2 protein chains.
Amino acid sequence: MRVLGVDPGLTRCGVGVVEGVAGRPLTMVGVGVVRTPADADLGHRLVAVEQGIEQWLDEHRPEFVAVERVFSQHNVRTVMGTAQASAVAILCASRRGIPVALHTPSEVKAAVTGSGRADKAQVGAMVTRLLRLAAPPKPADAADALALAICHIWRAPAQNRLQQAVALHASRAPRTPHVPKGRTT
Amino acid sequence: MRVLGVDPGLTRCGVGVVEGVAGRPLTMVGVGVVRTPADADLGHRLVAVEQGIEQWLDEHRPEFVAVERVFSQHNVRTVMGTAQASAVAILCASRRGIPVALHTPSEVKAAVTGSGRADKAQVGAMVTRLLRLAAPPKPADAADALALAICHIWRAPAQNRLQQAVALHASRAPRTPHVPKGRTT
């Protein structure tokens, strides 16, 4: 199973692709960050996030996309940007018919470290160990994206298969989604 | 000047097109609501909002898109959906190179009724009068979308021209945005 994890954000959107199945060693396929300039206007930033996510989908062809579920935080401005970047990631996956799963930060931490209250360093250390990397991926958004992908592979494999079947059916339905140029769902 | 106003929402996304210039009578070109089923998953809802907005942009070719600026509200779940629907509307306009303006609810109310604390009925009544309609547009989201477009036409015409020039320049820059099939920016 190949999963693209997305830690959404307008300034830094973490992306990481992990391949494997629950109970076996996992492999990191790719990791990175989609960045958009903080001084650009919101529209251009969202277009840049879309372009970045599209490139990752094109290059790695994931079967699932796992996105961090956004909650209201203290900083309202940040949470808005996060919600908007996550919308773009979810849209990009859904219009290709790729099933999208949302996982909360504590679900991800619990899956990877055993504790829903683990800090960034603990998550980074476990991701490094589980994927047998030489060093923790930087920045933390990139490590978090890999953790999301790992969490998704480990949670409910049966549920994933069901969701994939539903998404495939929906993508073949007559109502064709808008897809970027030169690409078919 | 032709403006598409968007009152973002996942369940009901109000859309309204108004044509005119500040100081002259305005004309309603179209009004409606893009709806998505509350029981569908988030990805499919966002794809449906994208399809709906694309249809309005295709049909009415607005020069500006005015979207309600989303603030944190009491209901966190609602505000997330609103932020995500607004991201899709902003994305659709921006990748075509159409300038997007965000107006707060109180800016819109103040522009249309003279009071930033006007209620839905007052906004609906003023929209009806300003656009010389037979009855207030229903539902309120549709009236709010028209109010957004009116607000945009009345606020800062000079600023609009500047923003349009910047957006045109950006849309001609080498970094080509992803645009839906069979369409050029």
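Residue positions within a chain follow its written sequence, with the count starting from 1. Each chain is given a letter, starting from A, and each ligand a number, starting from 1, according to the order in which they appear as written. Note on the predicted model: pLDDT of at least 70 is required for a residue's local features to be given, and 80 or more for side-chain atom pairs to be given and counted; whole-chain, interface and lining totals, by contrast, use all residues. Hydrogen atoms and water are omitted, and side-chain values are computed over all heavy atoms in the structure.

Under an unreviewed UniProt entry, the name given to chain A is Crossover junction endodeoxyribonuclease RuvC, and the source organism is Streptomyces rochei. UniProt positions are given in the numbering used here, feature names are shortened, and annotations may be inferred rather than shown by experiment. According to its UniProt record, chain A has this under Catalytic activity (unreviewed entry): "Endonucleolytic cleavage at a junction such as a reciprocal single-stranded crossover between two homologous DNA duplexes (Holliday junction)." According to its UniProt record, chain A has this under Subunit (unreviewed entry): "Homodimer which binds Holliday junction (HJ) DNA. The HJ becomes 2-fold symmetrical on binding to RuvC with unstacked arms; it has a different conformation from HJ DNA in complex with RuvA. In the full resolvosome a probable DNA-RuvA(4)-RuvB(12)-RuvC(2) complex forms which resolves the HJ."

Caption draft 1: Summary view of the overall build of chain A. Starting at the N terminus, helices and strands are each numbered in turn, a helix being any DSSP run of H or I of at least four residues and a strand any DSSP run of E of at least two. Counting secondary structure elements, chain A contains six helices and five strands. Listing the helices and strands of chain A from first to last along the sequence gives β-β-β-α-β-α-β-α-α-α-α. For chain A, the residues scored as buried account for 52% of the 185 residues in total. For this analysis, residues touch if any pair of their heavy atoms sits within 4.5 Å. In chain A, of all internal contacts separated by at least 6 residues, the share reaching a separation of at least 24 is 65%. Total accessible area on chain A is roughly 8,500 Å²; 53% of this is exposed by carbon and sulfur atoms. Think of it in three bands: residues with accessible area under 20% of the maximum for their type are buried, residues over 50% are exposed, and the middle band is partly exposed, with areas taken using a 1.4 Å probe on protein chains only. All accessible areas in this document rest on Shrake-Rupley with a 1.4 Å probe, and a residue is counted as covered only by the protein chains that are shown.

Caption draft 2: Fine view of the sheet that holds strand β3 (residues 27-35) of chain A. Residues and elements named next belong to chain A. Two strands make a pair as long as DSSP finds a minimum of two bridges between them. An order of β3-β2-β1-β4-β5 is seen for the five strands of this open sheet, with the pairing classed as mixed. The open sheet is flanked by β3 and β5 (100-103), the only strands paired with a single partner. Across the sheet, the mean angle separating the axes of adjacent strands is 20° when strand polarity is ignored. In terms of strand pairing, strand β1 (residues 2-7) meets strand β4 (residues 64-68) through four bridges, oriented parallel. Geometry is summarised by axes, namely lines fitted to C-alpha atoms with helices restricted to the contacting stretch, and by angles between N-to-C directions that run from 0 to 180 degrees.

Caption draft 3: Representation of the side chain of Ser86(B). Counting through the fold element by element, Ser86(B) comes out in helix α2 (residues 76-94). Classification of Ser86(B) as buried rests on a relative accessible area of 1%. Excluding residues that lie within four positions of it along the chain, Ser86(B) makes contacts with Gln84(A), Pro8(B), Val67(B) and Val70(B).

Caption draft 4: Focus on the sheet that holds strand β1 (residues 2-7) of chain B. Residue and element names in this part refer to chain B. Read from one edge to the other, the open sheet built from five strands follows the order β3-β2-β1-β4-β5, with strand pairing classed as mixed. What marks the edges here is a single partner per strand, and that holds for β3 (27-35) and β5 (100-103). With strand direction ignored, the average angle separating the axes of adjacent strands in the sheet is 20°.

Caption draft 5: Broad picture of the UniProt feature "binding site: Mg(2+) 1" (unreviewed entry) in chain A. All names here are of chain A. Under the feature "binding site: Mg(2+) 1" (unreviewed entry), the UniProt entry names Asp 7 and Asp 141. A compact arrangement is adopted by the annotated residues: their sequence extent is 135 residues, whereas the largest C-alpha distance between any two is 6.1 Å. Its place among the elements puts Asp 7 in strand β1. Sequence-distant contacts of Asp 7, that is, excluding residues within four places in its chain, are made with Arg 12, Cys 13, Gly 14, Glu 68, Asp 141, Asp 144, Ala 145 and Leu 148. As for its position among the elements, Asp 141 is in helix α5 (residues 140-154).

Caption draft 6: Focus on the nonpolar core. In this description, a nonpolar core means a group of buried Ala, Val, Leu, Ile, Met, Phe, Trp, Tyr and Cys residues linked to one another through side-chain atoms lying within 4.5 Å. Of all hydrophobic cores here, the largest spans 52 residues; its most connected members are Val6(A), Ile53(A), Val65(A), Val6(B), Ile53(B) and Val65(B). The residues touching Ile53(A), leaving out its near neighbours within four places in the chain, are Val6(A), Cys13(A), Val15(A), Val34(A), Ala89(A) and Cys92(A).

Caption draft 7: View of the pattern of salt bridges. Take a side-chain nitrogen of Lys or Arg and a carboxyl oxygen of Asp or Glu: if they are within 4 Å of each other, that pair is a salt bridge. With the rule as written, the count across this model stands at 20 salt bridges over all chains. In this structure, Arg95(B) and Glu50(A) form a salt bridge, with 2.5 Å as the shortest nitrogen-oxygen distance. Linking Arg95(B) in the loop between α2 and β5 with Glu50(A) in helix α1 (residues 42-60), this pair reaches from one chain into another. The exposure class assigned to Glu50(A) is buried, which follows from its relative accessible area of 0%. Each of Glu50(A), Glu54(A), Asp58(A), Arg61(A), Arg95(A), Arg96(A), Glu50(B), Glu54(B), Asp58(B), Arg61(B), Arg95(B) and Arg96(B) takes part in one network of salt bridges that share partners.

Caption draft 8: Structural detail: the state of the cysteines. We call a pair of cysteine sulfur atoms a disulfide when they lie within 2.5 Å. Taken as a whole, this structure holds zero disulfides over all chains when the rule is applied. Cys13(B) carries a free sulfur, and the closest cysteine sulfur to it, the one in Cys92(B), is 9.7 Å from it.

Caption draft 9: Just unusual backbone geometry, in detail. Residues and elements named next belong to chain A. Here the residue pair Lys 138 and Pro 139 is connected by a cis peptide bond, since its omega of -10° sits within 30 degrees of zero. Note that Pro 139 resides in the loop between α4 (120-130) and α5. Phi is positive for Arg 61, close to 45°, though the residue is something other than glycine. Here Arg 61 lies in the loop between α1 and β4. Residue Arg 61 is classed as exposed on the basis of its relative accessible area, which comes to 55%.

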